[in-house]
Number of protein chains: 2
Amino acid sequence: MINTLYLPELREMLETNDRAGLEDFCTALHPARTAEFMEGLTAEEAIRVLEFAEPQLRSEIFSYLETDHQVEIVNTHPPEEASELIGGMSTDDQVDLLQDVDDELVKEILSHLPPEERRDVMRLSRYPEGTAGSIMTTEMAKLSKDLTVREALGEISRQAEELETVYCLYIVDEHDSLHGVVSTRQLVSAMGKSSKRLSEIMDTDVLHVNALDDQEEVLRKMADYDMLAIPVVDDELCLVGIITHDDILDVVVEEATEDAYRSAAVQPLEESYLRTSVLTLSWKRGVWLVVLFLGALLTTFALEHYEAELERYVWLVLFIPLVISTGGNSGNQSATLVITALNRDEVHLSDWWLVAKRECAMGLILGGMMSVMGMIIALMKAPTLYSSLVVGATLLLVVMAGTMIGSMLPLMFKRIGLDPSLMSNPFVAGIIDFLGIVIYMTVAGLLLGMPA
Amino acid sequence: MINTLYLPELREMLETNDRAGLEDFCTALHPARTAEFMEGLTAEEAIRVLEFAEPQLRSEIFSYLETDHQVEIVNTHPPEEASELIGGMSTDDQVDLLQDVDDELVKEILSHLPPEERRDVMRLSRYPEGTAGSIMTTEMAKLSKDLTVREALGEISRQAEELETVYCLYIVDEHDSLHGVVSTRQLVSAMGKSSKRLSEIMDTDVLHVNALDDQEEVLRKMADYDMLAIPVVDDELCLVGIITHDDILDVVVEEATEDAYRSAAVQPLEESYLRTSVLTLSWKRGVWLVVLFLGALLTTFALEHYEAELERYVWLVLFIPLVISTGGNSGNQSATLVITALNRDEVHLSDWWLVAKRECAMGLILGGMMSVMGMIIALMKAPTLYSSLVVGATLLLVVMAGTMIGSMLPLMFKRIGLDPSLMSNPFVAGIIDFLGIVIYMTVAGLLLGMPA
């Protein structure tokens with residue numbers, strides 16, 4: 001979101017070189033809000049404003065700018081300056097930003113970072129997208145179990161500036177192997193007995209995730225256990241990073257958006273709707289529109305196959321859209337219910353038979369309702385009561401096909417290792433459009449008799 | 001999720017009255033995990049296990065049980081015992097639980113709670129669902145600005161047990177008016193100068209929400225500013241509660257699920273898919289299926305209106321499903337893009353003209369593509385090259401109708417104060433099914449000539 005409220009004032013201050021005003025602008029607000037007010041500036045102007053902030057604050061404001069604004073600033077400034085700005089960001093934000101920067105420039109920027117930080121960035125950027133490793137940060141508090149409460153408080157007070165969170169402290173041995181966790185809440189509660197050692201108050205049953213675990217798994221654990229941060233370990237159970245509450249919130253919002261796009265057959269966007277060009281958007285939509293179009297062609301071929309029936313009973317045509325859209329709607333409902341339940345870990349593959357029975361029952365109930373309504377309507381158009389049975393019977397069968405296919409396809413996709421949400425609305429609807437026509441024409445043929 | 005791993009052991013321990021084993025079970029794990037292992041027990045058994053935990057821990061484990069399990073326990077036990085369990089929960093969890101309990105019983109349970117807690121519960125339960133007030137808790141740290149850093153640390157160490165979070169401390173005056181915020185991080189960093197007063201280190205630019213603000217607004221602020229907790233104030237700017245990171249995570253997950261259901265025309269479920277009865281599910285689906293069915297009837301009436309054309313040019317029928325599904329798909333894409341952008345605050349009502357121009361351009365591009373593909377196919381079925389133009393022109397117009405209607409309807413809904421996500425896939429598709437048929441038949445009539 002671009003907030004243009006202060007833009008004129010900011011530009012005015014830059015023009016008159018109003019040091020006091022600009023320093024005040026940089027320090028008075030939460031860095032995120034400062035960044036919001038700066039989104040409308042050019043990269044040139046933004047850098048000039050940032051120079052009025054202390055280095056640490058400068059990095060912090062910079063880290064709240066939107067990624068494309070950050071990239072622009074990095075691209076238009078000397079690598080040393082850029083690496084200074086980047087140096088103060090947390091490792092996960094650094095990795096996010098550098099992904100969008102030219103490889104050559106990344107190398108140069110990295111060469112200006114302290115060696116340890118450089119190593120962290122390079123290690124993190126190796127984790128595949130969507131894994132715990134790709135969203136974690138390496139700035140966590142690692143303490144020895146022999147510290148006393150007082151020493152621990154002193155230690156985190158010294159490290160506070162560099163840490164992503166000072167509220168979860170991890171107890172590790174010399175190999176970084178994770179032995180326990182102590183919260184600052186526990187430390188503060190134990191301040192009365194400040195010579196107690198961490199080993200006496202630490203929790204040894206530490207919930208953690210592996211760096212290669214899916215980010216959905218991280219979300220599930222953090223949400224179920226109301227965690228502020230979760231430690232990330234490697235295969236040797238050594239602590240390699242943490243994921244904090246704000247990172248996981250970003251993940252949920254991002255995943256929800258991707259799911260929404262997917263359910264409408266749009267390739268996920270890298271930027272916001274208005275910032276994505278019409279051509280890029282057309283491409284991200286066109287790909288799937290073409291796929292769905294080719295799928296929908298099947299309905300044309302199916303109808304062609306039954307052209308003789310259609311010529312003889314033209315009134316059947318009146319109900320084609322009604323029949324296929326009703327089947328598609330019931331299929332979408334089932335697919336969405338099952339995909340949501342799978343994502344929330346409420347349904348497992350082993351439940352497939354239970355799901356099938358339930359969807360079959362719902363297909364009968366819902367299909368029955370639609371069937372009665374359809375027959376009443378059909379009575380007005382069909383030549384005889386008997387022939388209106390075609391519409392009634394078809395609606396029952398199509399709704400049942402919808403519930404069964406809509407519920408079973410996501411489970412099958414999961415079984416063969418594909419993301420079940422790929423089987424979302426437009427695809428389920430497409431399959432049922434085709435099936436619906438086949439069912440409709442077959443029922444018509446059976447009840448009304450085929451033309452020769 | 002029910003974890004049945006330890007059920008036999010738990011039941012065995014209950015039978016043999018294994019005090020040491022059960023005490024160990026209650027204390028060894030994170031309360032959330034203990035609760036998970038207890039989900040399979042009956043209310044009777046669960047209560048017996050909980051008796052082996054200290055009161056505070058007992059409440060904590062209880063608060064992690066799923067709501068329907070909690071309700072069962074509350075319903076089958078004396079109100080005094082139930083109110084003891086409930087007393088240890090945070091106010092927001094209390095309100096959530098009591099919403100599902102019989103009014104008579106609620107009154108009795110409330111009468112056993114300390115007066116202050118009772119007042120808090122009653123106040124919170126008055127906020128409408130979906131507002132900040134309905135998800136906040138009242139257990140926050142309120143401190144006076146005259147306290148020193150040392151005194152503040154002592155104070156929160158004393159209060160730690162009762163507070164939802166000890167990491168954000170709110171500075172209020174005697175009327176609870178909010179003056180500033182201090183994080184425990186700042187306190188810990190300032191430990192070296194522990195006689196400093198809070199007024200010297202507090203942040204006075206406090207981001208807050210009003211108790212009646214929508215929870216989406218809360219989410220937006222907390223996500224944008226990476227906040228651990230956000231203070232909630234009333235109209236007089238007095239601090240009435242806080243919302244913490246775990247509450248807001250629950251909100252996002254819940255809203256994402258509701259949006260998914262809505263996009264498939266399913267009324268949101270109160271419980272998980274497998275725990276909802278087939279009849280309830282059928283009702284929650286049936287309502288919308290009927291609405292959509294009645295809408296789809298319009299396609300039947302539209303086709304009836306053009307029956308003469310259809311009898312004369314039966315080959316037109318072959319493309320009906322293709323035409324309407326392509327229009328529906330492009331409409332869904334536009335609707336989802338605009339709804340998502342509105343929800344993420346990336347598009348505002350004032351951008352409507354920009355959105356309209358962009359969608360018009362995309363409609364031309366995508367419609368053009370579909371039009372060319374459609375004509376190639378139509379050439380094989382239509383009697384003449386000229387008549388295949390009907391399919392081509394229709395596809396262009398239908399895709400454009402899809403992008404325009406799909407993008408403008410959510411904006412219109414927002415304008416008149418309705419939730420734009422109501423205009424989601426099945427509804428947009430239904431509208432475009434009808435329009436698609438009207439467009440198709442009108443184009444056919446114009447190009448091929450109407451029958452008398």
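For the structure given in this document, a descriptive report is provided here. (Residues numbered from 1 in each chain as written. Chains lettered and ligands numbered in written order. Predicted model: local features only at pLDDT ≥ 70, side-chain atom pairs only at ≥ 80, totals over all residues. Heavy atoms only, no water.)

Time to look at the overall build of chain A. For chain A, the count of helices and strands is 22 helices and 6 strands. Across the 452 residues in chain A, those meeting the buried criterion constitute 56%. In the structure as shown, chain A presents an accessible area of about 19,100 Å², 55% of it carried by carbon and sulfur atoms. Once the 31 positive and 72 negative side-chain charges of chain A are each reduced to a mean point, those two points are 6 Å apart. (Helix = DSSP H or I, 4+ residues; strand = E, 2+ residues; numbered from the N terminus. Buried < 20%, exposed > 50% of the residue type's maximum accessible area, 1.4 Å probe, protein only. Areas by Shrake-Rupley, 256 points an atom, 1.4 Å probe, with all protein chains shown as cover. Lys, Arg positive; Asp, Glu negative; His and termini not counted. Charge placed at Lys NZ, Arg CZ, Asp CG, Glu CD.)

To continue, consider the nonpolar core. Counting residues in each nonpolar core, the largest one holds 124 residues, and the members touching the most others are A:Met38, A:Phe62, B:Met38 and B:Phe62. The contact partners of A:Phe62, leaving out residues within four places of it in the chain, are A:Leu50, A:Gln70, A:Ile73, A:Val74, A:Leu85, A:Ile86, A:Met89 and A:Leu97. Core analysis: the second largest hydrophobic core is formed by 92 residues, A:Val398, A:Ile437, B:Ala265 and B:Leu395 among them. (Core = buried A, V, L, I, M, F, W, Y, C linked by side-chain atoms within 4.5 Å. Contact = heavy atoms within 4.5 Å.)

A few words now on the sheet that holds strand S4 (residues 209-210) of chain B. Residue and element names in this part refer to chain B. With respect to topology, 3 strands assemble into an open sheet ordered S4-S5-S6, the strand pairing being mixed. Each end of this open sheet is capped by a strand with a single partner; those strands are S4 and strand S6 (239-244). Inspection of the sheet shows S4 paired to strand S5 (residues 229-233) by 2 bridges, in the parallel sense. The residue bridging Asn-210 from the neighbouring strand is Val-233, located in S5. (Pairing = 2+ DSSP bridges.)

Let us look at the sheet that holds strand S4 (residues 209-210) of chain A. Residue and element names in this part refer to chain A. Here 3 strands make up an open sheet; going across it, the order is S4-S5-S6 and the pairing mixed. Only two strands of the sheet have a single neighbouring strand rather than two, namely S4 and strand S6 (239-244). Sitting on the sheet, helix H15 (residues 215-224) is in contact with S4, strand S5 (229-233) and S6, with an inclination near 140 degrees to S5. (Axes fitted to C-alpha atoms, helices over the stretch in contact; angles between N-to-C directions.)

Before going further, it helps to examine the pattern of salt bridges. Taken as a whole and assessed by the stated rule, the structure comprises 33 salt bridges over all chains. For the salt bridge of B:Arg220 with B:Asp345, the shortest nitrogen-to-oxygen distance reads 3.9 Å. Separated by 125 residues along the polypeptide, B:Arg220 in helix H15 (residues 215-224) and B:Asp345 in the loop between helix H19 (320-343) and helix H20 (352-381) bring together distant segments of the chain. Taken together, the salt bridges that share partners define one network made up of A:Glu217, A:Arg220, A:Lys221 and A:Asp345. (Salt bridge = Lys/Arg side-chain N within 4 Å of Asp/Glu carboxyl O.)

Attention now moves to the relation of the copies chain B and chain A. After a rotation of 180 degrees and a shift along the axis of 0.0 Å, chain B superposes on chain A with an RMSD of 0.1 Å. One copy is carried onto the other by what is essentially a two-fold rotation axis. Within chain B, the C-alpha atom positioned nearest to the axis of rotation is that of B:Ala256, 2.9 Å from it. Interface overlap between copies is the fraction of interface residues in one copy that are interface residues in the other; for chain B against chain A it reaches 100%, indicating a shared surface. (Least-squares fit on C-alpha atoms with pLDDT ≥ 70 in both.)

Where helix H17 (residues 278-305) of chain A meets H19(B), the closest approach of the two axes is 8 Å, and the angle between their N-to-C directions is 155 degrees. The angle between H17(A) and H19(B) places the two elements in the roughly antiparallel class. Classified by chirality, the crossing of H19(B) by H17(A) is right-handed. Facing H17(A), whose interface residues are A:Leu281, A:Arg285, A:Trp288, A:Leu289, A:Leu292, A:Phe293, A:Ala296, A:Leu297, A:Thr299, A:Thr300 and A:Leu303, H19(B) presents B:Pro321, B:Leu322, B:Ser325, B:Thr326, B:Asn329, B:Ser330, B:Gln333, B:Ser334 and B:Leu337. Counted by class, the contact of H17(A) with H19(B) contains 11 nonpolar, 8 polar and 1 charged residues. (Parallel < 35°, antiparallel > 145°, perpendicular 65-115°, else oblique. Left-handed = near helix turned anticlockwise from the far one by under 90°. Nonpolar A, V, L, I, M, F, W, Y, C, P; charged D, E, K, R; others polar.)

With that out of the way, let us pick up the interface of chain B and chain A. Across the boundary between the two partners, chain B contributes 121 residues, which contact 121 residues of chain A. Carbon and sulfur atoms supply 68% of the area buried between chain B and chain A, which totals about 10,500 Å² over both sides. Between chain B and chain A we count 6 salt bridges in total. Between B:Glu359 and A:Arg285 there is a salt bridge; the shortest N-O distance is 3.1 Å. (Buried area = accessible area lost by both parts, 1.4 Å probe.)

To describe a pair of aromatic rings, you give the distance between the ring centres and the angle between the ring planes. Using the criterion set out here, one finds 7 aromatic pairs over all chains in the structure. Between A:Tyr167 and B:Tyr167 the ring centres are 3.8 Å apart and the planes differ by 15 degrees, which places this aromatic pair in the stacked class. Highlighted residues: A:Tyr167 in the loop between helix H12 (149-159) and strand S2 (168-172) and B:Tyr167 in the loop between helix H12 (149-159) and strand S2 (168-172), drawn from two different chains. Take A:Tyr167 and B:Tyr167: they sit in the same class, and that class is buried. Measuring from ring centre to ring centre gives 5.5 Å for A:Trp288 and A:Phe427, while their planes differ by 85 degrees; the resulting arrangement is edge-to-face. Placement of A:Trp288 in helix H17 and of A:Phe427 in helix H22 (residues 425-448) is noted, with a sequence separation of 139 residues between them. Residue classification places A:Trp288 among the partly exposed positions, given a relative accessible area of 25%. The class for A:Phe427 is buried, based on a relative accessible area of 16%. Here the guanidinium or amino end of A:Arg358 rests over the ring plane of B:Tyr273, the centre of that ring lying 4.8 Å away. (Phe/Tyr/Trp six-rings, centres within 6.5 Å; stacked < 30°, edge-to-face > 60°. Lys NZ or Arg CZ within 6 Å of the ring centre and 35° of its normal.)

Remember that the coordinates give geometry; whether it matters functionally is a separate question.
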